[in-house]
Each structure stands twice: as structure tokens, then as C-alpha cells.
Number of protein chains: 2
Amino acid sequence: MTATSATTSPKETRRRRKNDPESVRADILAVATREFSEKGLSGARIDEIAEKTRASKRMIYYYFSDKETLYLHTLEAAYQKVRLQEAELDLDHLAPLDALCRLVRFTFCHHAKNPDFIRLVMIENIHHGRFLAQSELIQSLNAGVIDVLGDVYLRGVATGCFREGLDPRELHWLISALSFFNVSNQHTFARIFDWQQAAPENQQKLEDHVTDMVLRYVRVDRVAP
Amino acid sequence: MTATSATTSPKETRRRRKNDPESVRADILAVATREFSEKGLSGARIDEIAEKTRASKRMIYYYFSDKETLYLHTLEAAYQKVRLQEAELDLDHLAPLDALCRLVRFTFCHHAKNPDFIRLVMIENIHHGRFLAQSELIQSLNAGVIDVLGDVYLRGVATGCFREGLDPRELHWLISALSFFNVSNQHTFARIFDWQQAAPENQQKLEDHVTDMVLRYVRVDRVAP
DNA sequence: TGCACAATGTACGAAATGGTACGTTCAGTC
DNA sequence: GACTGAACGTACCATTTCGTACATTGTGCA
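How each quantity is defined
- Residues numbered from 1 in each chain as written.
- Chains lettered and ligands numbered in written order.
- Predicted model: local features only at pLDDT ≥ 70, side-chain atom pairs only at ≥ 80, totals over all residues.
- Heavy atoms only, no water.
- Helix = DSSP H or I, 4+ residues; strand = E, 2+ residues; numbered from the N terminus.
- Buried < 20%, exposed > 50% of the residue type's maximum accessible area, 1.4 Å probe, protein only.
- Contact = heavy atoms within 4.5 Å.
- Areas by Shrake-Rupley, 256 points an atom, 1.4 Å probe, with all protein chains shown as cover.
- Least-squares fit on C-alpha atoms with pLDDT ≥ 70 in both.
- Core = buried A, V, L, I, M, F, W, Y, C linked by side-chain atoms within 4.5 Å.

Q: What am I meant to see in the overall build of chain A here?
A: Of regular secondary structure, chain A possesses 13 helices and zero strands. Going from the N terminus to the C terminus, chain A shows its helices and strands as α-α-α-α-α-α-α-α-α-α-α-α-α. Within chain A, the proportion of its 225 residues that are buried is 51%. In chain A, the share of contacts with a sequence separation of at least 24, taken over all contacts with a separation of at least 6, comes to 68%. Taken as a whole, chain A presents about 11100 Å² of accessible surface, with 52% of it coming from carbon and sulfur.

Q: I would appreciate a short explanation of the environment of A:Pro96 in the present structure.
A: Residue and element names in this part refer to chain A. Here Pro96 lies in helix H6 (residues 96–113). Given a relative accessible area of 9%, Pro96 falls into the buried group. If we ignore the near neighbours within four places in the chain, the residues touching Pro96 are Val152, Arg155, Gly156, Thr159, Cys161 and Phe162.

Q: Explain the relation of the copies chain A and chain B here, please?
A: The two chain copies are related to each other by a rotation about an axis together with a translation along it. Superposing chain A onto chain B requires a rotation of 180° together with a translation of 0.0 Å along the rotation axis, leaving an RMSD of 0.0 Å. What the rotation and shift describe, once combined, is the action of a two-fold rotation axis. Most of the interface of chain A is mirrored in chain B: 100% of its interface residues are interface residues there too.

Q: Would you mind showing me how to read the nonpolar core here?
A: Nonpolar side chains tend toward joint burial in soluble globular proteins. Ranked by internal contacts, the top residues of the largest apolar core, which has 130 residues, are A:Leu70, A:Leu100, A:Leu178, B:Leu70, B:Leu100 and B:Leu178. Those residues in contact with A:Leu178, other than ones at most four positions away along the chain, are A:Val210, A:Met213, A:Val214, B:Trp173, B:Leu174, B:Ala177, B:Leu178 and B:Met213.

What follows is the structure in C-alpha cells.
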């Protein structure tokens, strides 16, 4: 991602340019991501983003028109990054049960490791998803997610280890809910119930429980004796 | 809650006062709840709250010192309201399985019917729960919630319908997660997956699935044939 | 009835904040 | 090397926004 640091790229070494628009843009976006995810759309300050950038406030408006557009780009970049990581997951060669298990654990861990993304989605929901609605990019990015899960599920039904009649979209909803909540509500939950939810051992426990829960929900009912 | 409407109370009818601090306070708090839950702490405007109140901005500062204190009171009032409704739930006379079922459905529906509360909790999490941490009131309010669930669970284990080894706190976490996510992420989820999640029939489906999921998680494993 | 204090209205101040005008420098092209 | 447009810096403006000073009215009580 930081390819414009003028070290190996022939194009870059030749040019030796002082102006580096790509990197300036990326830098602004990175700072904006931190600021927006930390303080929200209304809480984040353009001046503060400008300060933390190696560019100036002028540059923010030069590349991103206004605050809301910058926020939208931040949101899009975040979704893009997530879906890119998801794409690396290769479930086709795994048995359905293992595949589902892996998908759940991946989602759980991924969310836990990317609180910035989670917070941005929370913030976007506070805004009723009105920016997400403007972005065709995000809509298209997410199209495939359900298909992957749906494929695993259908294979599982075919092999007889998953019960029939479930909707992949609802299944994805369940997995998302548990993984998302783990990050989104960590602060209030931990404080109210005086529980070190973020501690590694508790995170491990939760990951196991979540995986267990999804599997128990999907697996075929075992016949009573 | 709206006891100061000067209709039946003898004290009120006698006095016929023009100054009505209690009701002004309550009015401010009600408006503030709407504004904060809609726009967040930084997004909400004191001037706008003042406009929508039948009192003036001066009164807001008179009763609530500053913006953050007003927000804190809003949060406390919201939690209080919720816990009050929860307290009405009487699970002791129900069989463990029925009790758990009812608890899950209640939580799910309650959250769905109180998006303002959910949004406030989301916002509070964006702020890392730092206001909730200041409030001894909220801490104390939530103490009993786990106990109720824990009681049902233990009864279920005793009767042999629930499996052993589960932590009531983690069980509560699961129920909360699913019920909370249903409201908190409705906008982004519905838009991304082009799903009318808020539609009554889908809400009913989700409620059933969530209940089903929790029960499947808690019930004893049925023996294989 | 008048006093003390709570409750309320009006107007204003100071700082923060989104956004812009205007000028300057850089880099590729003829 | 002059020209052009992209890339960038500085200073500034208009508005918003939290909060307050000050004056006024209502209310219970001696």
C-alpha cells in the first residue's frame, strides 16, 4: 500500500519528485480513518485531521471536497480493506463443518482485530446508513459474502451434517451479530458487569462459545434415544 | 412518570403554580434523549434542544450544568427506564425452559421497541463508556440482571433440561448480542444485503431464530441413536 | 406585606469550526 | 527555457455553538 516511498520502484527513483499526491491522499485517508472512527462524523475535526497529517487543511479539501465526502471515502476504504481480507479465505477445499467453523472464527477474530472498522460501521448506523446508501462501491463489494456462506451451507446440507431450511443471509446475520457485538459493546458491557471482556483468555472463551453456538444452530438435530 | 400534570394530585390542584420545575426538567430530559440518541453527544446541539423544549436554553444549564452532564443524565434515565421494565418480568413461576424462552423474547422485543436506548448505548460505546463509568447509578441498576438469568439457568440445570458448565454472564452476553445487533446494525445490514430487516415478518423470523439459537445452545445434548 | 430565594427570559461573548481566496511551487511539454 | 496545469501553503472569513451575565418574575414563609 505504501508503494510511493521512492526506494525500489523505477518510476519513483527516476522522478525523485517532491510532489507526491498519491501518498498525501493516502496519508489523509489514514488519519481521517483514525479520527472518524474515534470521534464520529460530527466529533472529528477537520483542523485536527489536518494537524495530524503531514499535509495541510487545504489538501483535504483539495482531494476530498468536504468533510462528508472525506468521511464517505474513509468508510469505503474501510469496507474495501475488510472484503479484501475476507477474499483470502479459501473454504472450498474444506469439509462443510470445518469450513463453517473456520468462517466463524475468522469473522470473530477479524472484527476483534479491526475495531476501527467496527466503530465506523457503528457510526454509520448512527447516521442511519445514509452515506453507505450513497456508495455503489460498498454495495457491490458485499454482494459475494452471502454467496460464500451459502455455498458452504448447501454443501453441508448435501452431506447431511447441516439441517435444512436455513437462510444463508440469516446465518450470516447471526455470525455477524455475535462477532460485531463483541467489539462494539465491549466498553459498556465490561463496565456494567465488571468483566475483563477484552482479556485474551476471555476473548478466547467467547470465540469458542460463538463458534459452538453457530455450529449447534446449524447442525442436524440428533435423534432422541 | 408524568405525575406533575396537575389533574388529580391534591398538592398540584391546590397550588396551581406557574413555575413547574419538575415538569421542565422532565421535558428537557425527554427532548435531550431524542436529540442525543439521534445525533450523538457531539452531533446534538444545545440550542436545538432548547428550541424543541418548551423551556429555554438558560434552563438547560440551570438544571444540568453543561452538555456532558445533560448527556449523562440522559443515559442514566434511559438505563433506569429499561431496568424498570425488566423488573416487571416474572420468571420464577415458569419452568426453566419457558422462563428462558420468555426472557429471550422479551429482550429481543424490548430492544426492538426502544431504539433510542440502543442508540444511546452505541453512542456511549463510541465514547469508550467513559460516562457510564462515572455513574454509580447505572452500575448498581444492572447488578441484578445476571442474577435473574443465573437463577433460571441453575433451575434448568437442576431439572436436567439445561446442560452444565455455562456462565450466566456469557449467556446474557449472547442474548444481548443478538437482540442488540438487530437494532444497532439494522441500517447498514439492510442496505448492504438489500433486506427489509425491519419489516414485521422478518422481525418475527429473527425473533424466532434468536430464541431457537439460544435454546439450542443451552439445552442438554440429545443422545445419538 | 415584604423578604429571600428559586425559576425563568434575553441578550451577548468567545472560541471553535467548516470552508475559501489567493498566492506560490513543482513537473512535464514544446 | 518559457508555458501550463497540478499540487500545495497561508491567512482569513462567516457561522455555529457552548456557555454566561444580568435582569425579571414567581413562590413559600415570617
